Amino acid sequence: MLNPLRQLVQVSNWVNERMQLQSSIGPIMSHRVPLRARWFYVFGSATLTCFLMQILTGVMLAMVYVPSAGEAYQSLEHLNYVQPLGWYIRALHNFFGNAMVFMLICHLLQVVIFAAYKYPRELTWVFGVVLFICVLAMAFTGQVLRWDQDAYWGLGIGASMAGRVPLIGPYLVHLMLGGPIIGGETLSRFFALHVFILPLTIAGTIFVHVMLVLKNGISDPPIAGTIVNPKTEREDYEKRISGDEGTTFFPTPIARDAIFSGGLVIVVALLAAILGPAGPNGIPDPTIIDTSPKPDIWFMSVFSSLALLPPAIETFLILTAPIVLVLALFAVPFMSNSGERHISKRPVAALTLIFIIMVYVVLTVLGYQSPWSPKMQAWSSDETPVQYIEGRTPLELAGAVTFQYKQCRNCHELGGIGGQRGPELDTIATRMTTPQLIRQAVQGGGNMPTYGHNLSADELSAVVAFLSTLHPIDEPQAQTADKSLNPAD
Ligand code: HEC
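Enquirer: Quick rundown of the site of the ligand? Include the residues and the values.
Expert: Around the ligand sit 20 residues in total, of which Cys 408, Cys 411, His 412, Arg 431 and Met 448 are the nearest. Taking His 412, its side chain carries an N or O atom lying 2.7 Å from a nitrogen atom of the ligand. Taking Arg 431, its side chain carries an N or O atom lying 2.8 Å from an oxygen atom of the ligand. Of all the elements in the fold, those that place two or more residues in the shell around the ligand are helix H16 (428-431) and helix H17 (434-443).

Listed below in structure tokens is the structure:
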């Protein structure tokens, strides 16, 4: 008679014989870890669990999401309201993403507090920092894929930071946005980053990081007075954990990892079900300047520092601070890779850590309160050159005001003052006929946003009337051949 159990064993033997699973997984299960490494050591595997959940939910989302500027927003609404359980997958992806950053920060803090980066684990730390940067980049690019108001302004702020780099700034912005403005190409670019480039980099780096963890072992919880000496540390460590200060990874330590990760999955899944998906909150629209956009929580501190920095040192700090911070993070194990590990014997490290956490938390809280006004009013309070409003009709004057408060000046100079993303408009009437002006204001195009639904008919005729006056006295406005389209003189 057929014995199912025996069949199963035979199949698994057949597979194992070919894949040699036992010889690769076996040593991982039986490798020895410090006995006292208990619940503080579960954050790394919890981060990995979140990553796996992100792959699972991310692939599901990618089956419905359309990475095109015209359809991304609608596809998210489709997920939220039409696709069965689409909202829940979106919520899971959002919550596991945030949980991943949070677990990674816990892992990082544990490693810093225990000084686990000291010899021989310097490279384990370096690859961990690469992971940290990649995961933050995932959080940022993910926020962009939401393609809503916050995404749009987040990108705008990112681009304006990149644009400050001397000499190559404009090229960097072009590279980042896939063109001179935030548009369809930008979304494709961030989609490729979020879905292919970053996850593959993360997976590869996790492989190396975990391999190093297995090769060098995990650090034992520090005891004050015990010193790391690179000359003898490896031998001492082997001696400690092979005796009664060590245990095999299977079953107890791995069970601890599994219990914590399992609990985390349950909590996050519940939170996602209760709180639902994030956004999307409002179709991105460069012509709505009356918004107060907010980045996701992890970038809130950047947002507040930008708002609070005095303009004089802004550019300098924006350009140097990220580089200094990243280099400092990489440099940690090289500044001190031996000696005391217990936090009570490392006062400088302890104070630095407390300082960094305090600054980060305070800036984040300030970001949510935003006691400043982040509204975009760059040039709207600069006056219009007086010769452009002298002796004008009421309609033309109304147009000058509309031009001002619809933020046209953010991109267009008048009298040498204003943004420079579009051409200066001082003599625009010599280049464009009235119908062309109407078309341009309504449709935008060539990198100018479409103002159609954002200008009422009255505002439109006013702003066009104003623009039509912008020509030198001795040079009349451009005319179309079709006289019926020209305004009556
Ligand atoms: C986000 C930046 C931006 C804003 C805001 C903006 N424009 Fe433009 N505008 C441009 C760009 C870029 C061009 C050049 C388009 C091209 O390459 O064809 C342009 C072109 C124009 C032109 C044609 C200029 C020429 O020399 O061909 C007119 C007229 C114009 N804009 C009017 C307006 C008005 C009116 C507003 C406000 C309602 C406005 N723009 C707001 C970016 C902007």
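Enquirer: Please set out the domain arrangement of the protein residue by residue, giving values where relevant.
Expert: In terms of domains, the protein is made up of domain 1 (31-369) and domain 2 (386-485). A C-alpha centroid distance of 46 Å is found between domain 1 and domain 2.

Enquirer: Outline the environment of Glu 238, listing residues and values.
Expert: Of note, Glu 238 is situated in helix H10 (residues 233-242). On a C-alpha basis, the gap between Glu 238 and Val 33 in space is 9.6 Å, while along the polypeptide they are 205 residues apart.

Enquirer: Residues and numbers for empty space enclosed by the protein, please.
Expert: One pass over the full model with this rule turns up one cavity of 30 Å³ or more. Quantified by volume, the largest cavity comes out at close to 50 Å³. Together, Pro 120, Arg 121, Lys 215, Asn 216, Arg 234, Tyr 237 and Glu 238 line the largest cavity. Looking at the lining of the largest cavity, the elements with two or more residues in it are helix H9 (184-216) and H10. The element that contributes the greatest number of residues to the lining of the largest cavity is H10, accounting for three residues.

Enquirer: Requested: an account of a nonpolar patch on the surface, with residues and values cited.
Expert: A cluster of nonpolar side chains, contributed by Val 11, Trp 14, Val 15, Met 19, Leu 21 and Ile 25, occupies part of the molecular surface with about 570 Å² of accessible area. Breaking the nonpolar patch down by element, the ones donating at least two residues are helix H1 (4-19) and helix H2 (21-30).

Enquirer: An account of unusual backbone geometry is needed here, citing residue identities and associated values.
Expert: With an omega dihedral of 0°, the bond running from Tyr 119 to Pro 120 counts as a cis peptide bond. Structurally, Pro 120 is set in the loop between helix H5 (86-113) and helix H6 (122-145). Cis geometry marks the peptide bond from Phe 250 to Pro 251, where omega comes out at 5°. Looking at the secondary structure, you find Pro 251 in the loop between strand S3 (246-248) and helix H11 (252-275). Even without being glycine, Gln 20 reaches a positive phi, approximately 55°. For Leu 167, which is not glycine, the phi dihedral falls at a positive 65°. With respect to the helices and strands, Leu 167 occurs in the loop between helix H7 (149-162) and helix H8 (169-177).

The rules behind these values
- Residues numbered from 1 in each chain as written.
- Predicted model: local features only at pLDDT ≥ 70, side-chain atom pairs only at ≥ 80, totals over all residues.
- Heavy atoms only, no water.
- Near = heavy atom within 4 Å.
- Polar contact = N/O pair within 3.5 Å; in protein donor to acceptor, adjacent residues only side chain to side chain.
- Helix = DSSP H or I, 4+ residues; strand = E, 2+ residues; numbered from the N terminus.
- Domains from an automatic or database assignment.
- 1 Å grid on protein atoms, 1.4 Å probe; cavity = no way out; pocket = protein on both sides within 12 Å on 5 of 7 lines; lining within 4 Å.
- Points joined across faces, edges and corners; volume = space filled by probe spheres on them.
- Patch = residues over 30% accessible without salt bridge, like charges linked within 9 Å, V, L, I, M, F, W, Y side chains within 5 Å.
- Areas by Shrake-Rupley, 256 points an atom, 1.4 Å probe, with all protein chains shown as cover.
- Salt bridge = Lys/Arg side-chain N within 4 Å of Asp/Glu carboxyl O.

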